[in-house]
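Analysis of the macromolecular model
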Amino acid sequence: MESRLLPDEPLITLDAYLAAGGGRGLERARRLPPEEVIDEVERSGLRGRGGAGFPTAVKWRSTLELAAQYDRSQLYLVANGAEGEPGTFKDRPLLALNPFAFVEGLLIARHAVGATGAFVGIKAKFTRPLERLRDALRQATGAGWPGAGEVEVVTGPDEYLFGEETGLLEVIEGNPALPRLLGPYQRGLFASDDAPNPTVVNNIETLANLPGIVVNGADWFRKAGTEGSPGTMLFTVVGDVESPGVYELPLGTPLRSLLVDIAGASDIKAVYSGSSNAVITPARLDDPLDFDQARADGAGIGSGGFIVYDTSRPILRILATLSAFLARESCGQCNACKLGTATITDLLERLCRGEGDQRTVRAIWQRNKTVTDQNRCYLPVGEQLMVGSTLSEYAGEIASGLGKPVPEINLPVPLIDDIDDATGKVIYA
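As a starting point, this report considers the structure included with it. (Residues numbered from 1 in each chain as written. Predicted model: local features only at pLDDT ≥ 70, side-chain atom pairs only at ≥ 80, totals over all residues. Heavy atoms only, no water.)

1. Some thoughts on the overall build of the protein
How we decide: Think of it this way: any DSSP run of H or I at least four residues long counts as a helix, any run of E at least two long counts as a strand, and we number them from the N terminus. Only the C-alpha atoms count toward the radius of gyration. The rule for a globule is 2.2 Å times the residue count to the power 0.38. Summary of the burial criterion: residues with accessible area below 20% of their type's maximum are buried, those above 50% are exposed, and those between are partly exposed, where the area comes from a 1.4 Å probe applied to protein chains only. We call two residues in contact when some of their heavy atoms are within 4.5 Å. Per-residue and other accessible areas were derived by the Shrake-Rupley procedure at a 1.4 Å probe size, with only the shown protein chains allowed to occlude residues. Under the counting rule used here, the positive set is Lys and Arg, the negative set is Asp and Glu, and His together with the chain ends is not counted. By convention, charge coordinates are those of NZ in Lys, CZ in Arg, CG in Asp, or CD in Glu.
From N to C terminus, the protein includes 18 helices and ten strands. Taking 22 Å as the expected radius of gyration for a compact globule of 429 residues, we find that the protein reaches 22 Å, a close match to that expectation. Burial analysis of the protein (429 residues in total) assigns 57% to the buried set. Sequence separation of 24 or more characterises 71% of the internal contacts of the protein that already satisfy a separation of 6 or more. By element, 49% of the accessible surface of the protein is carried by carbon and sulfur atoms, the whole surface being about 17,200 Å². Of the charged side chains in the protein, 41 are positive and 56 negative; the average position of the first set lies 3 Å away from that of the second.

2. Points about the sheet that holds strand 8 (residues 305-310)
Let me state the cut-off plainly: For two strands to be treated as a pair, DSSP must find no fewer than two bridges joining them. Geometry is summarised by axes, namely lines fitted to C-alpha atoms with helices restricted to the contacting stretch, and by angles between N-to-C directions that run from 0 to 180 degrees.
Across the sheet, four strands lie side by side as 6-5-8-7; this open sheet has mixed pairing. Of all strands in the sheet, those bounded by a partner on one side alone are strand 6 (245-250) and strand 7 (268-272). Here the average twist between neighbouring strands, direction ignored, is 30°. Here strand 7 runs beside strand 8; their pairing, made up of four bridges, is antiparallel. Bridge assignment links Tyr 272 to a residue of strand 8, and that residue is Ile 307.

3. Some remarks on the side chain of Asn 368
For Asn 368, the position within the fold is in helix 16 (residues 358-370). With relative accessibility at 4%, the residue Asn 368 sits in the buried group. Not counting residues up to four positions away in its chain, the partners in contact with Asn 368 are Ile 344, Glu 383, Gln 384, Val 387 and Gly 388.

4. Observations regarding the sheet that holds strand 4 (residues 199-203)
The four strands are arranged 3-2-1-4 in an open sheet whose pairing can be described as parallel. Of all the strands in the sheet, the pair left with one neighbour each is strand 3 (152-156) and strand 4. On average, adjacent strands in this sheet sit at an angle of 25° to one another, irrespective of strand direction. Both strand 1 (residues 76-81) and strand 2 (residues 117-123) contribute to a ladder of six bridges, which runs parallel. Among the inter-strand pairings, Ala 79 is bridged to a residue of strand 2, identified as Val 120. Packing against the sheet, helix 6 (residues 99-113) makes contact with strand 1, strand 2 and strand 4, and its axis sits at approximately 150° to strand 1. Against the sheet, helix 7 (residues 127-142) engages strand 2 and strand 3, with an angle of about 170° to strand 3.

5. Quick look at the environment of Asp 287
For clarity, the cut-off: Two N or O atoms count as a polar contact when they lie within 3.5 Å, although within protein this holds only if one can serve as hydrogen donor and the other as acceptor, and sequence-adjacent residues are included solely when both atoms are side-chain atoms.
Among the secondary structure elements, Asp 287 is positioned in the loop between strand 7 and helix 13 (291-296). Counting along the chain gives ten residues from Asp 287 to Asp 297, while the straight-line C-alpha distance between them is 9.0 Å. Every residue in contact with Asp 287, bar those within four places of it in the chain, is listed here: Thr 253, Pro 254, Leu 255 and Asp 297. Within the structure, Asp 287 has its side chain in polar contact with the side chain of Arg 284 (distance 3.0 Å).

6. Some words on the packing of aromatic side chains
Here is the rule: Paired rings are identified among Phe, Tyr and Trp, the last through its six-membered ring, by centres lying within 6.5 Å, and are further divided according to the angle between planes into stacked (under 30 degrees), edge-to-face (over 60) and tilted (the rest). Placement of a positive charge over a ring is assigned whenever Lys NZ or Arg CZ falls within 6 Å of the ring centre and within 35 degrees of the normal to the ring plane.
Under the criterion given, the structure shown has ten aromatic pairs. Centroid distance Phe 119 to Phe 190: 6.1 Å. Interplanar angle 55°. Geometry classified as tilted. Highlighted residues: Phe 119 in strand 2 and Phe 190 in the loop between helix 8 (165-172) and strand 4, separated in sequence by 71 residues. Taken together, the ring pairs in this structure connect Tyr 17, Phe 100 and Trp 145 into an aromatic cluster. When the ring centre of Trp 220 is taken as origin, the NZ or CZ atom of Arg 4, which lies over that ring, is 4.0 Å away.

7. Quick word on the pattern of salt bridges
Any two side chains of opposite charge can pair, so long as their charged atoms come close to each other. Here is the rule we go by: The salt bridge definition used is simple: a Lys or Arg side-chain nitrogen within 4 Å of an Asp or Glu carboxyl oxygen.
Inspection of every chain in the model, using the stated rule, returns 29 salt bridges. The salt bridge partner of Glu 173 is Arg 180, with a shortest N-O separation of 3.0 Å. We classify Arg 180 as buried; its relative accessible area is 13%. Glu 227 is paired through a salt bridge with Arg 222; the nearest N and O atoms lie 3.8 Å apart. You can call Glu 227 exposed: its relative accessible area is 67%. Residue Arg 222 is classed as partly exposed on the basis of its relative accessible area, which comes to 28%. Linked through salt bridges whose partners overlap, the residues forming this network are Glu 35, Asp 39, Glu 42 and Arg 61.

8. Some remarks on the environment of Gly 149
Along the chain, Gly 149 turns up in the loop between helix 7 and strand 3. On the basis of relative accessible area, Gly 149 is assigned to the exposed category, the value being 56%. Sequence separation between Gly 149 and Arg 138 is eleven residues; the distance between their C-alpha atoms is 7.2 Å.

9. Topic: the packing of helix 2 (residues 24-31) against helix 6
Put simply, the test is: For classification, angles of less than 35 degrees are called roughly parallel, those exceeding 145 degrees roughly antiparallel, those between 65 and 115 degrees roughly perpendicular, and all remaining angles oblique. When residues are sorted by character, Ala, Val, Leu, Ile, Met, Phe, Trp, Tyr, Cys and Pro go into the nonpolar class, Asp, Glu, Lys and Arg into the charged class, and all the rest, Gly among them, into the polar class.
Closest axis-to-axis distance for the helix 2/helix 6 pair is 9 Å, and the angle between their directions is 10°. Relative to helix 6, the element helix 2 is oriented roughly parallel. On helix 6, the residues that touch Arg 24, Gly 25, Leu 26, Ala 29 and Arg 30 of helix 2 are Glu 104, Leu 107, Ile 108 and His 111. In terms of residue class, the contact of helix 2 with helix 6 is built from four nonpolar, two polar and three charged.

What follows is the structure in structure tokens.
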């Protein structure tokens, strides 16, 4: 089907974007009462594209209800463009190729929720998307788009937890990216005890869908996707594939179509949707790319980034690499997480050196049970899912390899710096 978010040619000037039909969503939204905009988004079934797949309109309404309980509370809107999940590279090409769709969506959302202020959180290292975003905001401001000149772009560190929504709020307030105990809808930006300032946090791709929904209606949006997961989504595929890249597909498309038919994967051993979900085995390649189905199967599609490993890759080396990434990125506020992920990684490395036995495997299982104790963010949950599912699904391979060193192979952490448009080469951080 025709792409809705990624144009064939970059739309990096406002004139080009308007000529392609852009701008009408904001114009129409401004003529409607905010509640009607939210109603249309609710009918569309739009779900967050940042990982959890939470219904967008439900998030907006629940945040508005909380804000209304406090006389002095403000409500803020934050767009999350930190994109630090391994295997994910979608918001950056969206900003580089179609920045005005995001800017228009952000301004529609601000009108819908009545936000006092709007912020975009993005890593400072994302230079080209940052330039396109700032230039789009300048052009939109010059053209008189309401509120465009008030959007504040906040650059942050190259840390995984900058993408965690409460860690993102901390960075916007000028602090390190350390997750909070309370979610943004409970304690938002610049909060105090009598003014918690509930804050809406939406992913960049989520917001870029809003202009099309407001202009064309919920029924149009639902022409793609499934009943529970409507619309299209941007999917990243990297690893052992012939054609790595970013692809826009209707939700509900079989995973096999994305990985095998489009990206050219073959001889698949394991697939990971980032580092925060259960492993996907070849037996599940015919599962649909659907939020609810993936969750029912014990995994998830996350933010749409898939890392493919073929049968030449030892499963212990894969698992040790991904676990080491989470151990390094754990902020240390929760001892069970920081110490647990580090211990699990050390034990996995021991197995890779051929020094462990079944007692080592049991020790990993034991530590994996407690790694989430009193967690304040999702990082240790991701570790628990990833490690536990891999140990279960590949128990035979792991058992047969005990006492044997795993061959050293070049297996980078799949944090994507860039994907070359011409060659498809993936550049890892």
